[in-house]
Structure formats: structure tokens, C-alpha cells
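# A closer look at the structure
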Amino acid sequence: MEFLPKEVREGLEAARKRDLKKKSRLRVRVNEEAFPVLKFWDTGFALDIERAPRLRGLVDLYDGSRHLYQCLIIASEEENGQMKYEFKRNTAVEDRAPLDFARDENAPVALIPGRA
């Protein structure tokens, strides 16, 4: 791509970023702001460097409206117009409280009242 004029390279890069933003439903929320995730991998994610501040600390990761993870992150590096962030901690969000006891596999799901 080095043989292309600078304006054409910039246009292609802008189009690539738009395409990544449209394809991804993943969002990082910090306070009341949300930033589209361009790439996601096991140890981190990348945001558009022009739109995202240098985030650090606790953030929430969503897939559409579904809360997936609560993450402790640090900014790691800039690459190709993207800011990469690494997880220091990445905890999956559960939709119910954890049990504080072991549940028997054959335990009844519910009890029917009035039956002996």
C-alpha cells in the first residue's frame, strides 16, 4: 500500500475503521460513555485511537445490551490507528448470585406445595 498516494491510503484506512465499527456489537462503557470495540481477543481489545481516550482502570464490556465482563485494563500500545488495551482482570458477569454451597445434581428443581 506504500505505493498509493497518502490521501488514498487515509481513505482506505477510514473505510476499514467504519467497516469494523459496523460489524462489531461489542462496546466498552466507562461511566456514561460507550466506545465501539474494533477487535477483541483473550487478553484484551482495541478501540479507534481518534475516538477513545487513554483508558485505564475499571470498564464494562457489552455485546449490544448484554453485559459480558467487568474488566480492569491498561493501555498497552498504539498500532494502525487503534489503541490496544490489555486485561489485568477480566471477570464474566453472571445473571444470578453465586451459590455458597454445593448443589446436589439430583436435587429437585422446585417443591410442589400441599403434597406430602
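What you see is a predicted model; the values in this text were computed from it and never measured. (Residues numbered from 1 in each chain as written. Predicted model: local features only at pLDDT ≥ 70, side-chain atom pairs only at ≥ 80, totals over all residues. Heavy atoms only, no water.)

### Examining the overall build of the protein chain
The number of helices and strands found in the protein chain is one helix and six strands. For the protein chain, the α and β elements follow one another from N to C terminus as α-β-β-β-β-β-β. Restricting to contacts in the protein chain with at least 6 residues of sequence separation, those with at least 24 account for 42%. A total of about 9000 Å² of accessible surface is found on the protein chain, and carbon and sulfur atoms cover 50% of it. (Helix = DSSP H or I, 4+ residues; strand = E, 2+ residues; numbered from the N terminus. Contact = heavy atoms within 4.5 Å. Areas by Shrake-Rupley, 256 points an atom, 1.4 Å probe, with all protein chains shown as cover.)

### Let's talk about the side chain of Lys 84
By the element assignment, Lys 84 lies in strand β6 (residues 82-92). On the basis of relative accessibility, which here comes to 17%, the residue Lys 84 falls in the buried class. A polar contact is formed between the side chain of Lys 84 and the side chain of Glu 79, at a distance of 3.3 Å. If we skip the residues at most four places from it in the chain, Lys 84 touches Trp 41, Phe 45, Ala 46, Ile 74, Ala 75, Ser 76, Glu 77 and Glu 79. (Buried < 20%, exposed > 50% of the residue type's maximum accessible area, 1.4 Å probe, protein only. Polar contact = N/O pair within 3.5 Å; in protein donor to acceptor, adjacent residues only side chain to side chain.)

### Remarks on the pairing of strand β1 (residues 26-30)
With burial as the criterion, only one face of β1 is covered, namely that bearing Leu 26, Val 28 and Val 30; the residues Arg 27 and Arg 29 on the opposite face remain uncovered. When β1 meets strand β4 (residues 57-63), the two strands line up antiparallel, connected through four bridges. By the bridge assignment for β4, Arg 27 is matched with Tyr 62. In terms of strand pairing, β1 meets strand β2 (residues 33-41) through four bridges, oriented antiparallel. (Pairing = 2+ DSSP bridges.)

### Looking at the confidence of the model for the protein chain
Low-confidence regions, as indicated by low pLDDT, have predicted coordinates that should not be scrutinised in detail. Across the protein chain, the average pLDDT comes to 82, with 85% of residues at 70 or higher. Across the protein chain, element-level confidence peaks in β4 with a mean pLDDT of 93 and bottoms out in helix α1 (residues 6-23) with 66. (pLDDT = per-residue confidence, 0-100.)

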